[in-house]
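A closer look at the structure
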Amino acid sequence: MILDDIKKEIDKANRIAVVTHENPDGDAIGSSLTMYMALKNINKDVDVIIPEYAKMFEFLPCINETKKSSDEHYDLVIAVDCATEKRLKDNNNCFNNSKVTIQIDHHEANKMFADYNYVDPVSPACCQILIKVLKYWNIEINKDMGVCLLAGIITDTGGFKYSGVTSETFEIVAWLLDKGINISSVYRRVLQTISKTKFELNKIATSRITFYENDKIAFTYITVEDEKKVNAQLGDYEGCVDIGRDIEGVEVSIFFRELKEGGYKVSMRSNDYVNVSDICLMFGGGGHMKAAGCTISSGTIEQIRDKLIAQTKRYLK
Ligand code: 5GP
Ligand code: MN
């Protein structure tokens, strides 16, 4: 069993680091912090490296113990919730300099880039996998870890509403509830409450929505200038892609965020049958069937929009 091999590597290692993907979401941060606490609790010498994260995650236990970067050569680096090595971005060197590498993830298009790859695409969140993994290793999941795990499960399932949710998701949440974790409070903090600046950015994205292909595709974008205007904070653009997706008749929502360094970060969501991961893979990205992304660095908004719409069209019924 690969989990036994991974545990052996953990037992052998002196210095361990936990890393995740760039622009980390709740699942990435929740998974990282849980793995960090789990290893600390079994007396491992461990760092958790997260270069930057959105303000709304500041309430998570141990988040103030994260490092922004590290040049150290670790005995073992564990990547969580990350489909490709490229998406480790600033932590790429740290990963490559490690003696042994492990990854735990739930992306279908995972590139199996580590020495040991534990990937379960059926799981709607990496945090859901970690619960199984920690139980298998007989590592106790305390309340702090439970809060982080719940934050990841809630964000990656859109509040238990995405189709990837399994019966196990609810069993886990019931178990966390019995542990005394305030589900409602975590839910509100990671999913419901939005900052004033996020609200302003959402307003701009909403006002720009246009429809294509008999209203089956919704498209919108925000620019660097928009973000400056509303004094946007990191992560305020999260959720802009959901506005179009939630409109009746829309199958695919496409959202662009202009990047400071040039180019656009593309987010795609589908409701029912279009595999947006396949579309993003064509542009060097990836993700899940109903939630995927890529970065496109050349072309105007209109050119990139038209390219994506042309591909998306082929998948529409
Ligand atoms: P989002 O649109 O929220 O940035 O990302 C949606 C999903 O697609 C997430 O699961 C994320 O990991 C994945 N994703 C987003 N951008 C990329 C990318 O550039 N490459 C890959 N492989 N996956 C991505
Ligand atoms: Mn995830």
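Report on the accompanying structure. Sequence positions are assigned chain by chain, starting from 1 and proceeding in written order. Both sets of labels track the order of writing: A upward for chains, 1 upward for ligands. Where totals are concerned, whole chains, interfaces and linings use all residues; where local detail is concerned, this predicted model gives features only for residues with pLDDT of at least 70, and gives and counts side-chain atom pairs only at 80 or more. With hydrogens and water stripped out, all remaining heavy atoms of the structure feed into the side-chain values.

Some details on the pairing of strand β2 (residues 45–49)
Note on exposure labels: buried denotes an accessible area under 20% of the residue type's maximum, exposed denotes more than 50%, and partly exposed covers the range between, all computed with a 1.4 Å probe on protein chains only. The secondary structure listing takes helices from DSSP runs of H or I that are at least 4 residues long and strands from runs of E that are at least 2 residues long, numbered from the N terminus. Burial runs high along β2: four of the five residues are buried. One crossover worth recording links strand β1 (residues 15–19) to the parallel β2 by way of helix α2 (residues 26–41), and it is right-handed. Call a crossover right-handed when, viewed with both strands pointing away from you, the route from the first strand across the helix to the second goes clockwise.

Observations regarding the site of ligand 1
Taken together, 14 residues surround ligand 1, and among them Arg-87, His-107, Lys-265, Ser-267 and Arg-269 come closest. Polar contact is the term for a pair of N or O atoms within 3.5 Å; when the atoms are in protein, one must be able to donate a hydrogen and the other to accept it, and sequence-neighboring residues count only if both atoms are side-chain atoms. Residue Ser-267 places a side-chain N or O atom 2.6 Å away from an oxygen atom belonging to ligand 1. Between a nitrogen atom of ligand 1 and a main-chain N or O atom of Gly-286, the distance comes to 3.2 Å. Listing elements by their share of the shell around ligand 1, those giving two or more residues are β9 (264–270), β10 (286–287) and β11 (291–296). Take the shell around ligand 1: its biggest share by element is four residues, from β11. Lys, Arg, Asp and Glu make up the charged group, whereas Ala, Val, Leu, Ile, Met, Phe, Trp, Tyr, Cys and Pro make up the nonpolar group; the residues left over, Gly among them, are polar. Grouping the amino acids of the shell around ligand 1 by side-chain chemistry returns three nonpolar, eight polar and three charged. Here a residue is near a molecule or strand as soon as one of its heavy atoms is found within 4 Å of it.

Looking at the sheet that holds β9
Where strands meet in a sheet, backbone hydrogen bonds hold them as pairs that are either parallel or antiparallel. Strand order in this open sheet of six strands is β6-β7-β8-β9-β11-β10, and the pairing throughout is mixed. Edge positions in the sheet fall to β6 (210–212) and β10, since each has one partner strand and no second. Strand direction decides the pairing type here: strand β7 (residues 217–222) and strand β8 (residues 252–258), joined by six bridges, are parallel. Note that in β8 the partner of Ala-218 across the bridge is Ser-253. This element, helix α12 (residues 301–313), spans β6, β7, β8, β9 and β11 of the sheet and lies at about 155° to β8. By this definition, two strands are paired if DSSP reports at least two bridges between them. Contact criterion: two residues are considered in contact whenever any of their non-hydrogen atoms come within 4.5 Å of each other. Between N-to-C directions, angles span 0 to 180 degrees; the directions come from axes that are lines fitted to C-alpha atoms, helices contributing only their stretch in contact.

Side note on the packing of helix α5 (residues 143–156) against helix α6 (residues 167–178)
For any two helices packed against each other, one specifies the inter-axial angle together with the distance between the axes. One can describe the packing of α5 onto α6 by two numbers: an axis separation of 11 Å at closest approach and a directional angle of 145°. Crossing handedness for the pair α5 and α6: left-handed. Here Gly-146, Leu-150 and Ile-153 of α5 come into contact with α6, specifically with Thr-169, Ile-172, Val-173 and Leu-176. Taken together, the residues that form the contact of α5 with α6 break down as five nonpolar, two polar and no charged. By convention the crossing between two helices is left-handed if the near helix lies anticlockwise of the far one by an angle smaller than a right angle, and right-handed if it lies clockwise.

Describing the layout of surface pockets
The distinction between a cavity and a pocket rests on a 1 Å grid over the protein atoms alone: a 1.4 Å probe fits inside a cavity but cannot get out, while a pocket stays open yet meets protein on both sides within 12 Å along at least five of seven lines, and a residue with an atom within 4 Å of a point counts as lining. Grid points are joined across faces, edges and corners, and a volume is the space filled by probe spheres set on the points. Estimated volume of the second largest pocket: approximately 220 Å³. Lining the second largest pocket, in full, are Ala-54, Lys-55, Met-56, Arg-189, Thr-193, Ile-194, Ser-195, Lys-198, Gln-233, Leu-234, Gly-235 and Asp-236. Class assignment of the residues belonging to the lining of the second largest pocket gives a composition of four nonpolar, four polar and four charged. In this document the domain limits rely on a domain assignment from an automatic tool or a database. There are two domains that each give the lining of the second largest pocket at least three residues, and those are domain 1 (2–192) and domain 2 (196–313).

Considerations on the coordination of the manganese ion (ligand 2)
Protein-derived coordination of the manganese ion (ligand 2) comes from Asp-27 (OD), Asp-81 (OD), His-106 (NE2) and Asp-156 (OD), at a distance range of 2.2 to 2.4 Å. Note that water is not among the atoms considered, so a metal site may appear incomplete; the donors listed are N, O and S atoms within 2.8 Å of the metal, with 3.2 Å applied to Na, K and Ca. Each donor residue of the manganese ion (ligand 2) lies on the same chain, and together they follow the pattern D-x53-D-x24-H-x49-D. Of this pair, Asp-27 sits in helix α2 while Asp-81 sits in the loop between β3 (76–80) and α3 (92–96), placing them 54 residues apart in sequence. With respect to class, Asp-27 is no different from Asp-81; both count as buried.

Side note on the packing of aromatic side chains
Between 30 and 60 degrees the pair is tilted, below 30 it is stacked and above 60 it is edge-to-face, where a pair is any two Phe, Tyr or Trp rings, Trp via its six-membered ring, whose centres lie within 6.5 Å. Under the definition given, this model contains six aromatic pairs. Plain terms: the ring middles of Phe-219 and Phe-256 are 4.9 Å apart, the flat faces sit at 80° to each other, and that makes the pair edge-to-face. In this pair, Phe-219 is assigned in strand β7 and Phe-256 in strand β8, connecting sequence segments 37 residues apart. Of the two residues examined, Phe-219 and Phe-256, each falls in the buried class. Taken together, the aromatic side chains of Phe-219, Tyr-221, Phe-256 and Tyr-264 make up a single cluster linked through ring pairs. Should the NZ of a Lys or the CZ of an Arg lie within 6 Å of a ring centre and within 35 degrees of the ring normal, that charge is described as sitting over the ring. Cation over ring: Lys-135 sits above Trp-175, and NZ or CZ is 4.0 Å from the ring centre. Its guanidinium or amino end placed over the ring of Tyr-273, Lys-317 lies 4.3 Å from that ring's centre, counting from NZ or CZ.

Observations concerning the nonpolar core
The biggest cluster of nonpolar side chains holds 56 residues, and the ones touching the most others in it are Leu-60, Ile-78, Ile-104 and Trp-137. When residues in this core are grouped by element, the largest group, eight residues, is from α5. Discounting chain neighbours no more than four positions away, the residues touching Leu-60 are Ile-29, Leu-33, Val-147, Cys-148 and Ala-151. Counting 21 residues, the second largest nonpolar core, distinct from the first, contains Val-266, Val-276, Cys-294 and Ile-296. Within this scheme, the nonpolar core is defined by two criteria: the residues are buried Ala, Val, Leu, Ile, Met, Phe, Trp, Tyr or Cys, and they are joined through side-chain atoms within 4.5 Å.

Some points on the pattern of salt bridges
Salt bridges are defined as contacts in which a side-chain nitrogen from Lys or Arg sits within 4 Å of a carboxyl oxygen from Asp or Glu. Tallied over the full model, the rule gives 18 salt bridges. The salt bridge involving Glu-227 is made with Arg-257; its shortest N-O contact spans 2.7 Å. Taken together, the positions of Glu-227 in helix α9 (residues 224–229) and Arg-257 in strand β8 put the pair 30 residues apart, joining distant regions of the chain. In terms of burial, Glu-227 and Arg-257 fall into one category: buried. Between Asp-242 and Arg-269 there is a salt bridge whose closest N-O contact spans 4.0 Å. In this pair, Asp-242 sits in helix α10 (residues 240–245) while Arg-269 sits in strand β9, placing the two residues 27 residues apart along the sequence.

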